[in-house]
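Descriptive analysis of the structure
Listed below, chain by chain, are the residues.
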Amino acid sequence: MIKPVLDHDFIPARVWNDEFLKTATKPFCMAVEREDGLVLRIDTFLGDDVEKNKFFVERKIKTMLWAAGGWKVLLAGDHEIYEYIKEAYSADGLRAFDVDFWSTVYQKPFEVEERDFDAIPQTSVNPLPIGRHLDGCRVGFDAGGSDIKVSSVVDGEVVFSQEIVWLPKVNSDVNYHYKHVKEAIELAASKMPRCDAVGVSSAGVIVKSRPMQCSLFMAVPKDTEEQRESFRNIYLETGKQLGVPMVVANDGDIAALAASMALDKNAVLGIAMGTSEAGGYVDRDGHVTGWQNELAFAPVDYNVNAERDDWSLDFGVGASYFSQYAVIRLAPRAGIDLAEELTPAEKLKVVQDLLEQGHKGAEQIFESIGTYFGYAIANYSLFYDIDHLQISGRVTSGRAGGIIIDKAREVLAAEYPELNEKINLFLPGEYERRIGQSVAAASLVSL
């Protein structure tokens with residue numbers, strides 16, 4: 001195994017699982033169910049060590065939930081494991097965050113059921129076309145955790161783009177969010193003869209253009225249904241105020257769409273490394289699958305003492321490994337002191353400036369992220385059929401993106417040569433890295 005240069009305690013999810021399954025022989029089935037009875041099912045095996053079995057199943061279910069989404073877990077093959085998972089995924093259990101998150105998204109109580117093997121449905125999806133409409137005058141809006149990117153697109157040509165600094169995660173006043181969203185869209189619209197439509201790329205789980213759960217609005221009070229609706233309606237209400245049709249999609253799906261449009265290829269996984277990690281997937285037919293692709297909360301590191309995410313409070317999840325927080329976390333290990341008064345985006349910029357100056361520690365930070373990523377790709381490949389994988393986002397700017405790619409390829413070549421041959425791992429150009437998602441978002445509305 002290749003160790004990240006700054007994190008020798010890293011235990012890749014794929015490596016741990018592969019080792020576990022070498023001696024596992026007892027049949028076991030787990031599935032997660034989401035809207036309309038759609039299901040992701042995995043048939044696997046358990047071993048003789050009860051504690052390892054519990055760990056294996058819990059981490060696998062966690063990944064399934066945050067890849068596909070779901071409000072119900074179905075299990076077959078071991079009653080003791082069922083009892084453990086039912087307790088862990090309860091309102092006051094080990095995964096209470098996940099339970100609250102997905103029950104809120106699907107507006108149903110979260111359930112864990114034990115069934116016979118033949119009573120668990122097979123995997124099913126509901127693919128849907130997405131975007132690729134570029135006629136007319138359009139605004140593309142990409143909401144990140146550190147900045148908003150807006151683009152004005154006229155018949156497929158970008159005539160204006162701008163990055164606007166904002167701090168959504170620490171602002172509890174919902175009016176702050178409404179103001180910034182509206183002003184950014186108005187700015188981009190003012191650069192065109194008219195505005196026919198607005199497409200939005202946003203973090204969070206998006207249902208019918210509404211962010212049902214979204215880290216951007218984590219500081220907004222949600223004690224009442226009125227408060228919850230205030231941020232869920234932020235985009236559609238702004239579109240209504242401006243009098244233009246609007247469609248909102250998850251930022252990960254837009255990252256994959258942007259890559260698919262640029263390559264004119266499908267079977268694309270897009271990973272955006274910015275304030276958090278965003279994931280999205282376009283299948284072989286150019287459709288999105290209906291999966292939630294919230295890979296920021298999918299386990300990457302099985303080291304139980306690994307960094308804990310500040311929202312989910314779980315250890316070793318993608319948000320702590322493929323975002324600006326990964327850079328900030330690794331900075332002290334690289335001998336880099338970052339001033340506390342700086343924003344996370346400013347801290348990232350300090351490290352990237354040092355990288356451009358040839359600072360060895362800064363290089364090691366992005367080398368470590370690349371090693372993490374190589375093993376994460378191997379794990380993602382068990383859930384997604386990937387021909388092309390694009391990384392984008394602020395973390396990949398400048399030399400950083402190339403270093404991450406090189407180290408990820410090093411892992412794949414040494415450990416998973418078949419994936420190294422199959423997957424085209426690439427970066428968009430610097431310009432596309434910054435605004436590509438806002439341009440792709442502009443194509444969401446069919447006029």
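To be clear, the structure that these remarks concern was listed above.
About the thresholds
Residues numbered from 1 in each chain as written. Predicted model: local features only at pLDDT ≥ 70, side-chain atom pairs only at ≥ 80, totals over all residues. Heavy atoms only, no water. Helix = DSSP H or I, 4+ residues; strand = E, 2+ residues; numbered from the N terminus. Buried < 20%, exposed > 50% of the residue type's maximum accessible area, 1.4 Å probe, protein only. Contact = heavy atoms within 4.5 Å. Areas by Shrake-Rupley, 256 points an atom, 1.4 Å probe, with all protein chains shown as cover. Lys, Arg positive; Asp, Glu negative; His and termini not counted. Charge placed at Lys NZ, Arg CZ, Asp CG, Glu CD. Pairing = 2+ DSSP bridges. Axes fitted to C-alpha atoms, helices over the stretch in contact; angles between N-to-C directions. Salt bridge = Lys/Arg side-chain N within 4 Å of Asp/Glu carboxyl O. Expected span 1.5 Å × (residues − 1). Polar contact = N/O pair within 3.5 Å; in protein donor to acceptor, adjacent residues only side chain to side chain. Parallel < 35°, antiparallel > 145°, perpendicular 65-115°, else oblique. Left-handed = near helix turned anticlockwise from the far one by under 90°. Nonpolar A, V, L, I, M, F, W, Y, C, P; charged D, E, K, R; others polar. Core = buried A, V, L, I, M, F, W, Y, C linked by side-chain atoms within 4.5 Å.

The secondary structure content of the chain amounts to 14 helices and 17 strands. In terms of its C-alpha atoms, the chain occupies a principal-axis envelope of roughly 70 × 50 × 40 Å. Relative to its 447 residues, the chain shows a buried fraction of 61%. Within the chain, counting contacts between residues at least 6 apart in sequence, those at least 24 apart form 70% of the total. Total accessible area computed for the chain in this model is approximately 17500 Å², and 50% of it derives from carbon and sulfur atoms. Here the chain carries 45 positive and 68 negative side-chain charges, and the mean point of each set is 2 Å from the other.

What follows is about the sheet that holds strand 2 (residues 39-46). In spatial order, the strands read 2-1-3-4; together these 4 strands make up an open sheet with mixed pairing. Edge positions in the sheet fall to strand 2 and strand 4 (111-114), since each of these pairs with one other strand and no more. Neighbour to neighbour, the strand axes of the sheet diverge by 20 degrees on average, direction disregarded. Inspection of the sheet shows strand 3 (residues 72-76) paired to strand 4 by 4 bridges, in the parallel sense. Bridge pairing in strand 4 places Leu 75 opposite Glu 114. Strands strand 1 (26-33), strand 2, strand 3 and strand 4 of the sheet are contacted by helix 3 (residues 79-88), whose axis makes an angle of about 175 degrees with strand 4.

Next up on the list: the sheet that holds strand 8 (residues 157-165). Hydrogen bonding along the main chain pairs the strands of a sheet, whether they run parallel or antiparallel. Taken in spatial order, the 5 strands of this open sheet run 8-7-6-9-12, and their pairing is mixed. Both outer strands of the open sheet, strand 8 and strand 12 (246-250), are each paired with one neighbouring strand and no more. If you compare each strand with its neighbour and ignore which way they point, the axes differ by 15 degrees on average. Both strand 7 (residues 147-154) and strand 8 contribute to a ladder of 8 bridges, which runs antiparallel. The residue of strand 8 that forms the bridge with Val 153 is Val 158. Here helix 8 (residues 251-263) sits on the sheet and contacts strand 9 (197-202) and strand 12; the angle it forms with strand 12, its principal contact strand, is near 95 degrees.

This part is about the pattern of salt bridges. Enumeration according to the criterion identifies 32 salt bridges in this entry. With a shortest N-O distance of 3.1 Å, Glu 19 and Lys 22 are connected by a salt bridge. Relative accessible area serves as the criterion here: at 62%, Lys 22 is assigned to the exposed category. Here Lys 149 and Asp 147 are joined by a salt bridge, their closest N and O atoms 2.8 Å apart. Across this residue pair, the class does not change: Lys 149 and Asp 147 are buried. Through salt bridges with shared partners, one network takes in Glu 58, Arg 59, Lys 62, Arg 95, Asp 98 and Asp 314.

The end-to-end C-alpha separation of helix 2 (residues 50-68) is 27 Å, in line with the 27 Å expected for 19 residues at 1.5 Å each. In terms of burial, helix 2 is largely enclosed, as 16 of its 19 residues are buried. Between the side-chain oxygen at the start of helix 2 and the backbone nitrogen of Glu 51 there is a gap of 3.0 Å, and the oxygen is on Asp 49. Of the residues trailing helix 2, Gly 69 is marked for its positive phi of about 90 degrees.

So, about the side chain of Lys 149. With respect to the helices and strands, Lys 149 occurs in strand 7. Within the local environment of Lys 149, its side chain forms a polar contact with the side chain of Asp 147, the two groups lying 2.8 Å apart.

Moving on to the packing of helix 2 against helix 3. Packed helices, taken two at a time, are described by the angle between their axes plus the distance between the axes. Running from amino to carboxyl end, helix 2 crosses helix 3 at an angle of 55 degrees, the nearest separation of the two axes being 10 Å. Accordingly, the angle class assigned to the pair helix 2 and helix 3 is oblique. Crossing of helix 2 against helix 3: the hand is right-handed. In this structure, helix 2 contributes Val 50, Asn 53, Lys 54, Val 57, Glu 58 and Ile 61 to the contact, and helix 3 contributes Glu 80, Ile 81, Tyr 84 and Ile 85. For the contact of helix 2 with helix 3, a count of residues per class yields 6 nonpolar, 1 polar and 3 charged.

Turning our eyes to something else, we now look at the nonpolar core. One finds Ile 365, Phe 366, Ile 369 and Phe 373 to be the most contacted residues of the largest nonpolar core, which totals 96 residues. Looking at this core, the element that brings in the most residues is helix 11 (residues 360-380), giving 11 residues. Those residues in contact with Ile 365, other than ones at most four positions away along the chain, are Leu 6, Val 327, Leu 330, Ala 331, Ala 334, Ile 336 and Val 351. Judged by nonpolar contacts, the second largest core, of 29 residues, contains Val 139, Ala 184, Ile 234 and Met 246.

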